[in-house]
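These are the residues of each chain, in order.
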Amino acid sequence: MQKTKKALVTGITGQDGAYLAELLLEKGYEVTGTYRRTSSVNFWRIEELGIQSHPNLKLVEYDLTDLGSSIRLLQNAQPDEIYNLAAQSFVGVSFEQPVTTAEITGVGPVNLLEAIRIVNPKIRFYQASTSEMFGKVQAVPQKEDTPFYPRSPYGVAKLYAHWMTVNYRESYGIFGSSGILFNHESPLRGREFVTRKITDAVAKIHLGLLDVLELGNMDAKRDWGFAKEYVEGMWRMLQADEPGTYVLATNRTETVRDFVAMAFKAVDVTLEWSGAADHEIGTCKKTGKVLVRVNPKFYRPAEVELLIGDPAKAQQELGWKPSTTLEQLCQMMVEADLRRNKAGFSF
Ligand SMILES: C[C@H]1O[C@H](OP(=O)(O)OP(=O)(O)OC[C@H]2O[C@@H](n3cnc4c(=O)[nH]c(N)nc43)[C@H](O)[C@@H]2O)[C@@H](O)[C@@H](O)C1=O
């Protein structure tokens, strides 16, 4: 009989942690999910997926920045696989808190890599790397061998953790894989990220709970995929024969403005755009009412203008391929936010 596999997922309260835990539980894993102590720990995502009381899911408090705690965590959980999804993951905040971001997002993963070296070097390790490492892009589309040029303290911190994963692979033979994931969204996305901010606002405007949606840079282009499909790619990376670095992306890019128009389309509103970039407005074609407005306070000190990934390697070597279109994803998010706002749900 095959032994039950054990996985450790850091960042269980986040979008990817919740979807990955769901996938691993479906596959028969015993999952330990870690979360950070805060005054308001919130498990709404795993509750929404209906897995919070799953008998094979154990929730454990853990701080990625503590080496001793990382060692004890591995000794207790004895995982076969670790998925490091914990991070300070908001790019905007990283400009305000660069040192905290470096400690959590950059050095934090090294505590886990060290703990693997000390406790059991056979544990497989997935590091959540990011397209933010490409930043000011040096090639279009971006793939595994595209040179990096991060444009935020978050991107710089992630790049350090990425190279440490590669370094532990090459120095100590640790099975450490790095997934360079382009933006991936879902109804479980936090409202601080632009897609969910938009779909939540569209739902509120449609229900008469909000007048205007204010945004920053509408010209930024992103390669947005569906998070639930991306966590499947993470799992595949740790089932491969060899560790490696893989890009997960859709190979389609759209502007923030396009996503706004798409979200309003989902509630049958067509927008018309006018005005210069820093005070652009979007008005409802039918009523003439202003529904969207640029507010430069949402601009970032340095912006990543264009991201589009080439996932050919993941497709060839892992058999991974995204299938949900951006229109379907956007529709799914708007519908979830309509439902939630009608029910007075506020996450
Ligand atoms: C792959 C990568 O993906 C995410 O990073 P992100 O791309 O920065 O995501 P976002 O949704 O915050 O911004 C997308 C774009 O939208 C622009 N934008 C305009 N107006 C607003 C606005 O009002 N809010 C926000 N948040 N963004 C705005 C903003 O300036 C940027 O150009 C994280 O998961 C990160 O952890 C990660 O790894």
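Relevant structure appears above.
Residues numbered from 1 in each chain as written. Predicted model: local features only at pLDDT ≥ 70, side-chain atom pairs only at ≥ 80, totals over all residues.

J.: Is there a simple way to think about the sheet that holds strand β5 (residues 124–130) in this case?
T.: By way of backbone hydrogen bonds, the strands of a sheet pair with one another, either parallel or antiparallel. In space, the seven strands of this open sheet follow the order β3-β2-β1-β4-β5-β6-β11, with parallel pairing throughout. Strand pairing shows two members of the sheet lacking a second neighbour, β3 (57–61) and β11 (245–248), which therefore form its edges. Ignoring which end each strand starts from, the neighbouring axes of this sheet average 20 degrees apart. Here strand β1 (residues 6–10) pairs with strand β4 (residues 81–84) via four bridges, running parallel. The residue bridging A7 from the neighbouring strand is E81, located in β4. In the packing of helix α1 (residues 15–26) onto the sheet, contacts are made with β1, β2 (30–35), β3 and β4, and the angle to β2 comes to roughly 165 degrees. Relative to β5, helix α5 (residues 98–119) is tilted by about 165 degrees, and along the sheet it contacts β4, β5 and β6 (176–181). (Pairing = 2+ DSSP bridges. Helix = DSSP H or I, 4+ residues; strand = E, 2+ residues; numbered from the N terminus. Axes fitted to C-alpha atoms, helices over the stretch in contact; angles between N-to-C directions. Contact = placed C-beta atoms within 7 Å.)

J.: Help me understand the sheet that holds strand β8 (residues 213–215) in this model?
T.: With mixed pairing, the four strands of this open sheet are ordered in space as β8-β15-β14-β13. The two strands at the open ends of the sheet, each matched to only one other strand, are β8 and β13 (271–274). For this sheet, the mean angle separating the axes of adjacent strands, direction not counted, is 20 degrees. Relative to strand β14 (residues 281–284), β13 runs antiparallel, the two sharing four bridges. Its bridge partner being in β14, E272 is matched across the sheet by T283. On the sheet, helix α9 (residues 256–265) packs against β8, β13, β14 and β15 (290–294) and is oriented at approximately 150 degrees with respect to β13.

Geometric values such as these leave the question of function open.
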